Amino acid sequence: MASLTIDNLVKSFGSVDVLKGINLEIEDGGFLVLVGPSGCGKSTLLNCIAGLEKITSGEIRIGDRNVEGLHPSKRDIAMVFQSYALYPNMTVRGNISFGMEIRGIDKVERDKAIQEVADMLQIGNLLDRKPSQLSGGQRQRVAMGRALVRHPQVFLFDEPLSNLDAKLRVDMRTEIKRLHNRMATTIVYVTHDQIEALTLATKIAVLEAGYLQQFGTPDEIYNDPANMFVADFMGSPS
Ligand code: ADP
Ligand code: MG
């Protein structure tokens, strides 16, 4: 795991500035939630951290490494998206194993890693099934397992629960929290759900239209909002 620092990050698409100078820092083992309305730049920020988008100016550091120019695969990160994109013709075991096979990890090591994440995510009984034989929550667990076996320093989640029904969303929230405590990994988690943000985060960044409106603990954000936008969006008591 590692800390993550974002200094004066600007990202433009053509002449449109989508991120307008973002400053953030999350400590080693912290849980940073990026929250804000649809279109405010959350996914773009995550994609910049992952290296899927090239930044326009500013700096991103993972631990003490400036990741400028580093290919996504060299950044020690793993990303879980809203759509799980599991390989439909492979079993759960195959889906989790595949990335390790590509990296040339031998079968003994792979089986050990698969067992470890299967225990952690309680999917040991699903390893021989195909994705079509799984529920939404189970698929999301498999997607997390596939990311976990990479042992990333930083884990990125982009609205991973937004396709699940309300009840399952609450269960998975608990699951992710447990996983974070157990793995002591650094997490950056995107959501537009205020309650999810307040219950999961050690630090929350509230974005609006490419600006960082407030960065603080859940207590600060909820009880001491920096401005009307944050108070309104987070439903702070007045
Ligand atoms: P969020 O994840 O908060 O809903 P996004 O980061 O997806 O927001 O998008 C932020 C803004 O950037 C939106 O206005 C979106 O239309 C724009 N945007 C995102 N990706 C691109 C792109 N590849 N080209 C042009 N504009 C984009
Ligand atoms: Mg998004």
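Keep in mind the model is a prediction, meaning the values are calculated, not measured.

Novice: Would you take a moment to explain the environment of Met228 for this structure?
Specialist: The residue Met228 is located in helix α8 (residues 228-234) in this model. When the C-alpha positions of Met228 and Leu9 are compared, they lie 24 Å apart, and in sequence the two are 219 residues distant.

Novice: Is there a simple way to think about the nonpolar core in this case?
Specialist: Grouped burial of nonpolar side chains is what soluble globular proteins tend to show. By size, the foremost hydrophobic cluster in this structure holds 65 residues, and its most contacted members are Leu32, Val33, Leu34, Leu156, Val188, Tyr189 and Val206. Setting aside anything within four residues of it in sequence, one finds Val33 in contact with Tyr189, Thr191, Ala197, Leu200, Ala201 and Ile204.

Novice: So what exactly am I meant to see when it comes to helix α4 (residues 136-148) here?
Specialist: Note that an α-helix has 3.6 residues per turn; residues three or four places apart therefore point the same way. Its 13 residues place the ends of α4 18 Å apart at the C-alpha level, agreeing with the 18 Å of an ideal helix rising 1.5 Å per residue. In terms of residue burial, α4 counts as a mostly covered element, since ten of its 13 residues are buried. The set of residues buried in α4 consists of Arg139, Gln140, Arg141, Val142, Ala143, Met144, Gly145, Arg146, Ala147 and Leu148. Those residues of α4 hidden inside the fold are in contact with β6 (77-80), α2 (92-102), α3 (107-121), β7 (154-158) and α5 (166-183).

Novice: Please explain the sheet that holds strand β8 (residues 186-191) as it appears in this structure.
Specialist: Through backbone hydrogen bonds, the strands of a sheet pair up, either in parallel or in antiparallel fashion. Pairing within the open sheet is mixed, and its six strands lie in the order β6-β7-β8-β3-β9-β10. The open sheet has two free edges, formed respectively by β6 and β10 (211-216), since each of these has just one partner strand. If you compare each strand with its neighbour and ignore which way they point, the axes differ by 15 degrees on average. Strand direction decides the pairing type here: strand β3 (residues 31-35) and strand β9 (residues 203-208), joined by four bridges, are parallel. Each residue of the ladder has a partner; that of Val35, found in β9, is Val206.

Novice: So what exactly am I meant to see when it comes to the site of ligand 1 here?
Specialist: Surrounding ligand 1, one finds Phe13, Val18, Gly36, Ser38, Gly39, Cys40, Gly41, Lys42, Ser43 and Thr44. Ranked by residues supplied to the shell around ligand 1, first place goes to helix α1 (residues 42-50) with three residues. Broken down by class, the residue content of the shell around ligand 1 amounts to three nonpolar, six polar and one charged.

Novice: What should I look at first to understand the environment of Phe215 in this one?
Specialist: Mapped onto the secondary structure, Phe215 falls in strand β10. For the pair Phe215 and Gln115, spaced 100 residues apart in sequence, the C-alpha to C-alpha distance is 38 Å. Setting aside chain neighbours within four positions, we find Phe215 in contact with Leu24, Lys203 and Ala205.

Novice: I keep staring at the sheet that holds strand β1 (residues 4-13) and nothing clicks. Help me out?
Specialist: Strand order in the open sheet formed by four strands is β2-β1-β4-β5, and the pairing between neighbours is antiparallel. Edge strands, defined here as strands with exactly one partner in the open sheet, are β2 (16-26) and β5 (65-66). When strand β4 (residues 57-62) meets β5, the two strands line up antiparallel, connected through two bridges. Counted as the bridge partner of Ile62 is Arg65 from β5. With respect to the sheet, α1 is in contact with β1, β2 and β4, its orientation differing from that of β2 by roughly 65 degrees.

Novice: Help me understand the environment of Ser3, please; the structure alone is not making it clear to me.
Specialist: Within the secondary structure layout, Ser3 lies in the segment before β1. Along the chain, Ser3 and Lys130 lie 127 residues apart, while their C-alpha atoms are 36 Å from each other. When near neighbours in sequence (up to four residues on either side) are disregarded, Ser3 contacts Glu25, Ile26, Glu27, Asp28, Gly63 and Thr186.

Novice: Hey, could you run me through the pairing of β9 in this one?
Specialist: Successive residues of a regular strand alternate their side chains across the two faces of the sheet. Burial of β9 is extensive: five of the six residues sit out of reach of the surface. As paired strands, β9 and β10 are joined by five bridges and run antiparallel to one another. Within the sheet, the bridge partner assigned to Ala205 lies in β10 and is Phe215. Taking the residues that link successive antiparallel strands as the turn, the β9-β10 hairpin has two residues, and the phi of Ala209 there is positive, at about 45 degrees.

Novice: Just to check I follow, could you spell out the confidence of the model for the protein chain for this structure?
Specialist: As a note on interpretation, predicted positions should not be read in detail where pLDDT is low. Mean pLDDT over the protein chain works out to 92, with 100% of the residues at or above the 70 mark. In the predicted complex, the global pTM is 0.91; the interface-specific ipTM is 0.98.

The rules behind the values
Residues numbered from 1 in each chain as written. Chains lettered and ligands numbered in written order. Predicted model: local features only at pLDDT ≥ 70, side-chain atom pairs only at ≥ 80, totals over all residues. Helix = DSSP H or I, 4+ residues; strand = E, 2+ residues; numbered from the N terminus. Core = buried A, V, L, I, M, F, W, Y, C linked by C-beta atoms within 7 Å. Buried ≥ 20, exposed ≤ 12 C-beta atoms within 10 Å, placed from the backbone. Contact = placed C-beta atoms within 7 Å. Expected span 1.5 Å × (residues − 1). Pairing = 2+ DSSP bridges. Axes fitted to C-alpha atoms, helices over the stretch in contact; angles between N-to-C directions. Near = placed C-beta within 6 Å. Nonpolar A, V, L, I, M, F, W, Y, C, P; charged D, E, K, R; others polar. pLDDT = per-residue confidence, 0-100.

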